[in-house]
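Single-letter residue listing:
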Amino acid sequence: MTCEEQLKALNGYVDGAQITELCDEFAQHLAGCDPCQVVVDNIRQTISLYRAGEPYPMPIEFQDRMKHALKAKWEQKFGTSAGQTLGGQSISGP
Amino acid sequence: MERQLLQKTTDLDLLRLAKAGDFSAFQQLVEVLQPRVYGLAFRILRQAQDAEDGTQQAFLALVEHIEDFREESSVATWVMKIASNHALKILRKKRGLSVVSMSEMSSGDSYHDMPHPEFIAPWSEPPDKIAQRAETQAEIDKALLELDEKYRLVFILRDVEGLSVRETTEALELTESNVKVRLLRARLALRERLTKRFGDAAPAMVPDHKHS
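Cut-off values and rules
- Residues numbered from 1 in each chain as written.
- Chains lettered and ligands numbered in written order.
- Predicted model: local features only at pLDDT ≥ 70, side-chain atom pairs only at ≥ 80, totals over all residues.
- Helix = DSSP H or I, 4+ residues; strand = E, 2+ residues; numbered from the N terminus.
- Buried ≥ 20, exposed ≤ 12 C-beta atoms within 10 Å, placed from the backbone.
- Contact = placed C-beta atoms within 7 Å.
- Core = buried A, V, L, I, M, F, W, Y, C linked by C-beta atoms within 7 Å.
- Nonpolar A, V, L, I, M, F, W, Y, C, P; charged D, E, K, R; others polar.
- Expected span 1.5 Å × (residues − 1).
- pLDDT = per-residue confidence, 0-100.
- Axes fitted to C-alpha atoms, helices over the stretch in contact; angles between N-to-C directions.
- Parallel < 35°, antiparallel > 145°, perpendicular 65-115°, else oblique.
- Left-handed = near helix turned anticlockwise from the far one by under 90°.

Remarks on the overall build of chain B
In terms of regular secondary structure, chain B is built from ten helices and zero strands. Order of helices (α) and strands (β) in chain B, N terminus to C terminus: α-α-α-α-α-α-α-α-α-α. Within chain B, buried positions represent 39% of all 212 residues. For chain B, restricting intrachain contacts to residue pairs at least 6 apart in sequence, the fraction spanning at least 24 positions comes to 73%.

Comments concerning the nonpolar core
Residue and element names in this part refer to chain B. Core analysis: the largest hydrophobic core is formed by 69 residues, its most contacted members being Leu29, Val37, Leu40, Ala41, Ile44, Ala83 and Val154. With 13 residues, the single largest contributor to this core is helix H2 (residues 23-45). The contact partners of Ala83, leaving out residues within four places of it in the chain, are Val37, Leu40, Ala41 and Ala58.

Quick look at the interface of chain B and chain A
Where interface size is given, it is often the accessible area lost as the parts come together that is meant. Across the contact, 49 residues belong to chain B and 42 residues belong to chain A. Mapped by element, the contributors of at least two residues to the side of chain B that touches chain A are H2, helix H3 (48-64), helix H6 (127-132), helix H7 (134-145), helix H8 (149-160) and helix H10 (176-198) of chain B. Sorting elements by how many residues they give to the side of chain B that touches chain A places H2 of chain B first, with ten residues. Of the residues contributing to the side of chain B that touches chain A, the split by class is 30 nonpolar, ten polar and nine charged.

Comments concerning H3 of chain B
Its 17 residues place the ends of H3 of chain B 24 Å apart at the C-alpha level, agreeing with the 24 Å of an ideal helix rising 1.5 Å per residue. All of the buried residues along H3 of chain B are Ala51, Glu52, Gly54, Thr55, Gln56, Ala58, Phe59, Leu62 and Val63 of chain B.

Here we look at the environment of Pro57 of chain A
Residues and elements named next belong to chain A. Take Pro57: it is sitting in the loop between helix H3 (34-52) and helix H4 (60-78). On the basis of neighbour count, Pro57 is assigned to the exposed category, with 10 C-beta atoms found within 10 Å. Between the C-alpha atoms of Pro57 and Cys33, which are 24 residues apart in sequence, the distance is 42 Å.

Here we look at the confidence of the model for chain B
All names here are of chain B. Here chain B averages 86 in pLDDT, while 86% of its residues score no lower than 70. Model confidence for chain B, summarised as mean pLDDT per element, is weakest for helix H5 (residues 100-103) at 52 and strongest for H3 at 97. Note on the complex model: pTM 0.79, ipTM 0.80.

Looking at the packing of H4 of chain A against H3 of chain B
How two helices pack is summed up by the angle between their axes together with the distance between the axes. Axis separation between H4 of chain A and H3 of chain B bottoms out at 10 Å; the angle between their running directions is 25°. Taken together, the axes of H4 of chain A and H3 of chain B lie roughly parallel to each other. At the point where H4 of chain A passes H3 of chain B, the crossing takes the right-handed sense. Note on element contacts: H3 of chain B touches H4 of chain A through Glu52, Thr55, Gln56, Phe59, Leu60, Val63 and Glu64 of chain B, opposite Phe62, Met66, Ala69, Leu70, Lys73, Trp74 and Lys77 of chain A. Partitioned by chemical class, the residues of the contact of H4 of chain A with H3 of chain B number eight nonpolar, two polar and four charged.

Here we look at H4 of chain A
Every α-helical turn comprises 3.6 residues, leaving residues that sit three or four positions apart pointing alike. With 19 residues, H4 of chain A extends 27 Å from end C-alpha to end C-alpha; this agrees with the ideal 27 Å at 1.5 Å per step. Looking one or two places after H4 of chain A, you find Gly79 of chain A, whose phi comes out positive at around 65°.

Some remarks on unusual backbone geometry
All names here are of chain B. Within the chain, Arg46 stands out as a residue other than glycine whose phi angle is a positive 65°. Among the structural elements, Arg46 can be located in the loop between H2 and H3. A positive phi angle is found at Glu71, which is not glycine, with a value near 60°. As for its position among the elements, Glu71 is in the loop between H3 and helix H4 (75-95).

In structure tokens:
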């Protein structure tokens, strides 16, 4: 198995390809190679790390500005007042 | 778990109500999705003003095209696809001619000379715990921002936002093969850097073979 084939198989494995879908040679290699298994774990942990974090809070002033812009766009498109309620029922709390 | 299921149902319910013209439902949907949309825009554009522009343009486009949602993917995936297209549009405009480099072939688009893992060790903590700490979050973020743009964009769309390979190729105007190679380079580069930081040095391993 060439290096390129190994790397392609590694990428596919990280993406969730089952061990049975991989070629026998790579499957055997992975089963007997702790370092490769740890590399796969590390890559999956790396992806989880970026999915877990939300490091950029949205500025409040921008949230307000965007709300107004969206309301104007909504009224322009639907031609009605944008003061409707969710499913005909009030969604605002007491 | 129960809350997650409820959240998924709510996104779809809100979108259906919004399609029928319910602005309150639309506003609620925006509130749910805006942290992710803004985060994606910031990761791609790296500047607050540009991230704000990208976020607002994405949600304006959502109003415009809300009836186009066919329920073939989750609401969040569909919205993130719109958001990535708008963020990339801003990036392309800013880059002008140099945008060509996003799609042109380069030495990074083949498996040749792919860097092999050097520091191999299990991590000492699970990723969700590491992500909770502000100081480590800053380091994680820096690692991504310092990654070469052509690898960073693929990693953000495919791995962070969960777009499919096909959706990523369409957004970045790349071939499927380029997406896969760039994704692997991004994954290996980030793995190396983050494992040096979060890996447990004691049981660190050395590969006992060279792939030929």
